[in-house]
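Each chain is listed here by its residues.
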Amino acid sequence: MSSSTLTDPKAPPPPSRFGNIKRAWLPEKVIHYGVWILAVLLILGPIVPIVWSSLWSTPLYEGGGSGTLDNFRKLATDPLWWSAVANSLQFAVFATIGSVLVGTTVALLVARTDLPLRRLYSALIVLPLVLPGLVLIVGWQSMWSKNGYATHLLEQYTPFTVPFDLYSVAGMVVMGTVLGSPVVYLFARGTLSSGDSTLEEAARCAGAGPFRALLTVTLPLLRPALLNSGLLVFALALETLGIPLILGTSKNIDMMSTYLYRQWTGSADGGGGVLPAGAVMLLLAVTMLLLLRNRLAGDLARFTTTGGKSSRPANVVKLGPFGWLLSAGVGVVLGCATLVPLSGVVLASLTAVLTPAINPFSLLTLDHFSAILTNPLYTGAIGNSLLIATVGAAIATACIAVIALVAHRSSFRLRGSLEHIVLYPRAVPGLITGMAFFWTFAILDQSGTFRATLWAVGIAFGVRALAMGYAAFYPSLAALGADLDRAARSAGADWWTAMRTIILSLLKPAMGISYVLLFVAMLNEADAAVFLVTPETQVLGLAMLQIAANGLGGTVAALGVIQLVITAAVLGAGRILFGVRPNV
Amino acid sequence: MSDLVITNLTKKFGRLTVLDNVSVTASDGQILTLLGPSGCGKSTTLWSIAGLLKPDGGSIVVGDQTLFNHDSSAFLPPERRDCGVVFQSYAVWPHMKVRDNVGYPLRLRRYKPEALRKRVDEVLELVDLSDQADRYPHQLSGGQQQRVALARALAFPPRLLLLDEPFSNLDAKLRERTRDWLLQLQRKIGVTTVFVTHDQDEALAMSDRIAVMSTGTVRQIGTPEQIYNDPADLFVADFVGTSNLLEGTVIGRSNGILTIKIDGLDQAIHVPSSIDSDGVVVAVRPEALALLPDDASTDGYEMTVNGPVLDRSYHGHHFRYRVGVGEQALVVETRERTDSSHVRVGIPRDGYKLFRPRTATAPKAAQ
Ligand SMILES: Nc1ncnc2c1ncn2[C@@H]1O[C@H](COP(=O)(O)OP(=O)(O)OP(=O)(O)O)[C@@H](O)[C@H]1O
Ligand SMILES: [Mg+2]
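Source: prediction; values computed, not measured.

A. Local environment of the sheet that holds strand β1 (residues 4–13) of chain B. Reading across the sheet, the five strands line up as β2-β1-β4-β5-β6 (chain B) and stay open at both edges, with antiparallel pairing between neighbours. Every interior strand has two partners, whereas the edge strands, β2 (16–26) and β6 (74–75) of chain B, have only one.

The following block contains the structure:
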């Protein structure tokens, strides 16, 4: 062909190296298959040894043995397991009910009434989701247990008393409600502020009062969000380790997660085959719940509704003077649930002993902090956690970005499965993620050298946090029109070059958000560390969990304050830099 | 030569056939327009040419190079096709300055910095954006962004220029100006161009050839005049320009002459035609119709129709009347002004065409 017909007459002749277009150094196909295989190996692979060893008569790394159902039989005949299951179910059911009630009420008050101070309450109720959960539990211990500081003040100066014992299933339900309500709140709030309020307006035009419109139209609209978040809270309550370990240990109240924990720590053979069998049961339960939830909600649809836009809807219930009364009530409840325990942690960390008998301000001391900062065990744990969070969050963010690009911006054959794979860790309890990697490393690396490095812990933490980071990242990707990469492709960029120069460049803020959330999650992670840490690779979250399980002290509180300060600083920076928001 | 030859192109999304054996050709340096209602597969065709979609059948050849051939499993990825594409959404990259947007294809092709700068300046001048080179896209108007997209498509001299409804986001005035400007530019550069639009005026004004599409098939290919004056079927007649469609019944047939009774008319008309169905549709362009004074001669008219004026409107360069004909209405566009409530409309002898009626499955044209 003659080039004069193609080109502007004034165009220079194509450069001598014409045709030698810049290419990514890996072909598109290699990247796609590589990412997919890596994702499968890292995310699904480690589950295999657990399932396998639950069906095997000897530990896998010992060789020999044969297939058997014995482990499950042993589990089924252990009365302790059944009482743990009963406790777990009881706890999960009531914590879910509590969370749905509280979360929905606050969401309605904030989004559909003129309640005074509603913005403050909106921030307060999501606080437990944003801050490390362990710190809040420790704070509740210090303030609201039978010997708690606030309990004493309450009993001394008012006719009221705390109507539950924190160290009982009922107390754990209250704690679970505190931690679960923000999840329900965010979902309900998302529906209320993104859903259009024309239906409610229609009801009002038809003569319904605002309150009636709320009950007859708004509440039914919330049903999908409540079902969805309720199932999530239920699953989280089933797998949680922190609450039953910290609050249940002193009274020997076990749940499924602590049963597994004690099998691991309490017996010489690490629980034998009962442990993987129990783990498989817990995994099945949580996976089923989340599958059910996906069926009901659609996998990704849920992420788009949790953004929390705040445009004022037309249907606002005017509370009048009654509003201030209600506001005071809400404020007292939310304050007692969050601010009081947090100040309890701070107070406990700064006083020799936190007791109602002595004015705490006469006992101020920095001893707990200096004890931590001079103890290599703790400084090591803090250093390890910071290292894992800094490096791990960066690697995990990069993985999430690439996985999301292959899943949504490529023509890769298996791309549809990738999203399910990356979201799967959500359905795996943290305890079991750790166990899975423990078994995997034990089989692949019999010498144990890799298992003794921080990488072992870091990989498990990264996989655990993957789904959460993905959920934060994906909406931004979905919001970028596909024409942007198509334009790059036809301009001469191969797949990876188009992704790198256009899409990833545009997604830097989203990666920032993802990084911040992953950083915080990995800094505070405890459950997944249970099976993995060695004395050299202790991490902050687990260190806290372990001391807290053995009783409260100024040391735990001080560790909690350190955790709190780092978390708050990182989230604050993230909010200023990237507009990070609380995310479920 | 870089003729674009598309043969039997087929594309399915799941069980939905979006392109069904589409065959079109664009001659070297010419503008081929794909015209059709929304959802008919225009963009799909364009993206198949650009390599952004992989069709399920057929072939695409430019000059002597095969871009796609289903039978020999040939598929050139988009980055090797050297197509300049302007997207419906412009897809100007928001994080790059105008200059970097335009220079992107050149950087990928390892232009030296001076050569790159020179070429970018040249292309920006070509699209009248020289003074905007260092601004970001969000600082530009819609029309300017559109020109950035065009400059980017032209920066590395493309083998084919592919335009997907490039004017759809512009207001009417700007749209007309840009259309003329683009036409001139294309003539100057002489690049083979495929242009997608659902706007018939745009298609008629810009094209060397038009392919009218509907639900994944090509209904007619021809020059703008052929398409307008001699539509191949009812769909084309209805979609391109406006047509009065009068339903009629064949009441007699002899020696290839049909006698047709139009519902609501007393006289029958006699038309040579090979249509074998009982029902027919007579299509008449509104501007072909004339308002006749009562005493005017009817020479040159196939027939005249008397009817009440249902409504009238003024459109600047013509009046538009709707005249009742039995149950149906006839739209007349003429420069003549009349105030009477009854008029006589003349249908000129060669001013109408006969079509087989729409089958149940044929799509309704979007007007
Ligand atoms: N990725 C896809 N999956 C399924 N169906 C698709 C997909 N992309 C397009 N379609 C369908 O293919 C048909 C043709 O789409 P196409 O975008 O080519 O239409 P178009 O003629 O460009 O319309 P418009 O004028 O609205 O841009 C439409 O019916 C559309 O619904
Ligand atoms: Mg289109």
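B. Highlighting the packing of helix α17 (residues 376–409) of chain A against helix α18 (residues 415–423) of chain A. Residue and element names in this part refer to chain A. For the pair α17 and α18, interaxial distance at closest approach is 7 Å and the crossing angle is 140°. Judged on the interaxial angle alone, α18 and α17 are oblique. For the crossing formed where α17 meets α18, the hand is left-handed. Taken together, the residues of α18 that come into contact with α17 (itself represented by Ile403, Val406, Ala407 and His408) are Arg415, Leu418, Glu419 and Val422.

C. Representation of the packing of helix α22 (residues 495–506) of chain A against helix α23 (residues 508–524) of chain A within the structure. Residue and element names in this part refer to chain A. The geometry of α22 relative to α23 is characterised by a closest axis approach of 4 Å and an angle of 60° between their N-to-C directions. Overall, the two elements α22 and α23 adopt an arrangement that is oblique. For the pair α22 and α23, the contacting residues are Leu504, Ser505 and Leu506 in the first and Lys508, Pro509 and Met511 in the second. Here the contact of α22 with α23 is built from residues that sort into four nonpolar, one polar and one charged.

D. Broad picture of α17(A). The terminal C-alpha atoms of α17(A) lie 47 Å apart, and with 34 residues this matches the ideal 50 Å at 1.5 Å per residue to within 8%. Structurally, the start of α17(A) carries an N-cap: the backbone nitrogen of A:Leu377 is 2.8 Å from a side-chain oxygen of A:Asn375.

E. Spotlight on helix α21 (residues 483–491) of chain A. All names here are of chain A. Along α21, eight of the nine residues are buried, which leaves the element largely enclosed by surrounding structure. For α21, the full list of buried residues reads Asp483, Leu484, Asp485, Ala487, Ala488, Arg489, Ser490 and Ala491. The positive-phi residue at the C-terminal boundary of α21 is Gly492, with phi of around 120°.

F. Up close: empty space enclosed by the protein. Inspection of the entire model under this criterion finds six cavities of 30 Å³ or more. Estimated volume of the largest cavity: approximately 130 Å³. For the largest cavity, the lining is made up of 14 residues, of which A:Ser490, A:Ala491, B:Cys83, B:Arg152 and B:Ala153 are closest to its centre. Counting only elements with at least two residues in the lining of the largest cavity, the list comes to α21 of chain A together with β7 (83–86) and α4 (142–155) of chain B. Among the residues making up the lining of the largest cavity, the classes are represented as nine nonpolar, two polar and three charged. Empty space within the second largest cavity amounts to approximately 60 Å³. No other element matches the three residues that helix α19 (residues 430–444) of chain A contributes to the lining of the second largest cavity. Tallied by class, residues from the lining of the second largest cavity come to nine nonpolar, one polar and no charged.

G. Up close: the site of ligand 1. All names here are of chain B. Phe13, Val18, Ser38, Gly39, Cys40, Gly41, Lys42, Ser43, Thr44, Gln88 and Glu165 make up every residue found near ligand 1. Residue Lys42 places a side-chain N or O atom 2.8 Å away from an oxygen atom belonging to ligand 1. Residue Thr44 places a side-chain N or O atom 2.5 Å away from an oxygen atom belonging to ligand 1. With three residues, helix α1 (residues 42–50) is the largest single contributor of residues to the shell around ligand 1. For the shell around ligand 1, the class distribution of residues is three nonpolar, six polar and two charged.

H. Structural view of the sheet that holds strand β18 (residues 319–325) of chain B. Residue and element names in this part refer to chain B. Spatially, five strands are ordered β16-β20-β17-β18-β19 in an open sheet, and the strand pairing comes out antiparallel. For this open sheet the edge positions go to β16 (290–292) and β19 (328–334), each flanked by a neighbour on one side alone. Ignoring strand direction, the axes of neighbouring strands in this sheet form an average angle of 45°. Direction of pairing for β18 relative to β19: antiparallel, over a ladder of seven bridges. Among the inter-strand pairings, Arg320 is bridged to a residue of β19, identified as Glu333.

I. The arrangement of the packing of aromatic side chains in detail. For the structure shown, the criterion picks out 18 aromatic pairs over all chains. When the centroid spacing of 5.0 Å and the interplanar angle of 45° are considered together, the rings of B:Tyr314 and B:Phe319 count as tilted. Classification of B:Tyr314 by relative accessible area gives exposed; the value is 57%. Three or more aromatic residues link up through ring pairs in this structure, and these residues are A:Trp140, A:Trp144 and A:Phe164. In this structure, B:Arg81 packs its charged tip against the face of B:Phe75, placed 5.0 Å from the ring centre. The ring of B:Trp93 has B:Arg152 sitting right over it, with the charged end atom 4.1 Å from the ring centre.

J. Structural context of the side chain of B:Asp233. Relative to the helices and strands, B:Asp233 is located in the loop between α7 (224–229) and α8 (234–239). A polar contact is formed between the side chain of B:Asp233 and the backbone nitrogen of B:Phe235, at a distance of 3.2 Å.

K. Up close: the pattern of salt bridges. All chains considered together, the criterion is met by 24 salt bridges over all chains. Of the charged contacts, one joins A:Asp70 and A:Arg73 as a salt bridge, the two residues approaching to 2.8 Å between their closest N and O atoms. Within this pair, A:Asp70 and its partner A:Arg73 are both found in helix α3 (residues 70–76), separated by three residues, close to a single helical turn. For B:Glu333, the salt bridge is made with B:Arg320, and the minimal N-O distance between the two is 3.2 Å. Placement of the pair is B:Glu333 in strand β19 and B:Arg320 in strand β18, with a sequence separation of 13 residues. Using a relative accessible area of 16% as the deciding quantity, one classes B:Glu333 as buried. For B:Arg320, a relative accessible area of 26% puts it in the partly exposed group. Sharing partners across several salt bridges, the network here consists of A:Glu28, A:Arg489 and B:Glu79.

Quick notes on the rules
Every chain is numbered independently, its residues counted from 1 as its sequence is written. Just so you know, chain letters begin at A and ligand numbers begin at 1, following the order they were written in. Reporting in this predicted model follows two pLDDT cut-offs: at least 70 for local features of residues, and 80 or more for side-chain atom pairs to be given and counted; totals over whole chains, interfaces and linings ignore these cut-offs and use all residues. Each side-chain value is worked out from all heavy atoms of the structure, with water and hydrogens disregarded. Strands qualify as paired when DSSP identifies two bridges or more between them. A run of H or I in DSSP counts as a helix once it spans at least four residues, and a run of E counts as a strand once it spans at least two, with each numbered from the N terminus. A fitted line through C-alpha atoms represents every axis, and for helices the fit uses only the stretch in contact; the resulting angles, taken between N-to-C directions, go from 0 to 180 degrees. Small angles under 35 degrees read as roughly parallel and large ones over 145 as roughly antiparallel, with 65 to 115 read as roughly perpendicular and the rest as oblique. Less than a right angle of anticlockwise turn of the near helix away from the far helix marks a crossing as left-handed, whereas a clockwise turn marks it as right-handed. Contacts are assigned to residue pairs with any non-hydrogen atoms lying within 4.5 Å of each other. When residues are sorted by character, Ala, Val, Leu, Ile, Met, Phe, Trp, Tyr, Cys and Pro go into the nonpolar class, Asp, Glu, Lys and Arg into the charged class, and all the rest, Gly among them, into the polar class. Helix span, expected: 1.5 Å multiplied by one less than the number of residues in the helix. Polar contact is the term for a pair of N or O atoms within 3.5 Å; when the atoms are in protein, one must be able to donate a hydrogen and the other to accept it, and sequence-neighboring residues count only if both atoms are side-chain atoms. For every residue, the accessible area (1.4 Å probe, protein chains only) is compared with the maximum for its type, and the residue is labelled buried under 20%, exposed over 50%, or partly exposed between those bounds. Method remark: on a 1 Å grid restricted to protein atoms, a set of points is classed as a cavity if a 1.4 Å probe fits but cannot get out and as a pocket if it is open with protein on both sides within 12 Å along at least five of seven lines; lining residues have an atom within 4 Å of a point. Grid points are joined across faces, edges and corners, and a volume is the space filled by probe spheres set on the points. Here, proximity means that at least one heavy atom of the residue falls within 4 Å of the molecule or strand. Classification of ring pairs uses Phe, Tyr and Trp, with its six-membered ring standing for Trp, and accepts pairs whose centres are within 6.5 Å; under 30 degrees between planes counts as stacked, over 60 as edge-to-face, and the remaining range as tilted. Counting as a charge over the ring demands two things of the Lys NZ or Arg CZ atom: a distance within 6 Å of the ring centre and an angle within 35 degrees of the ring normal. What counts as a salt bridge is simple: a side-chain nitrogen of Lys or Arg found within 4 Å of a carboxyl oxygen of Asp or Glu.

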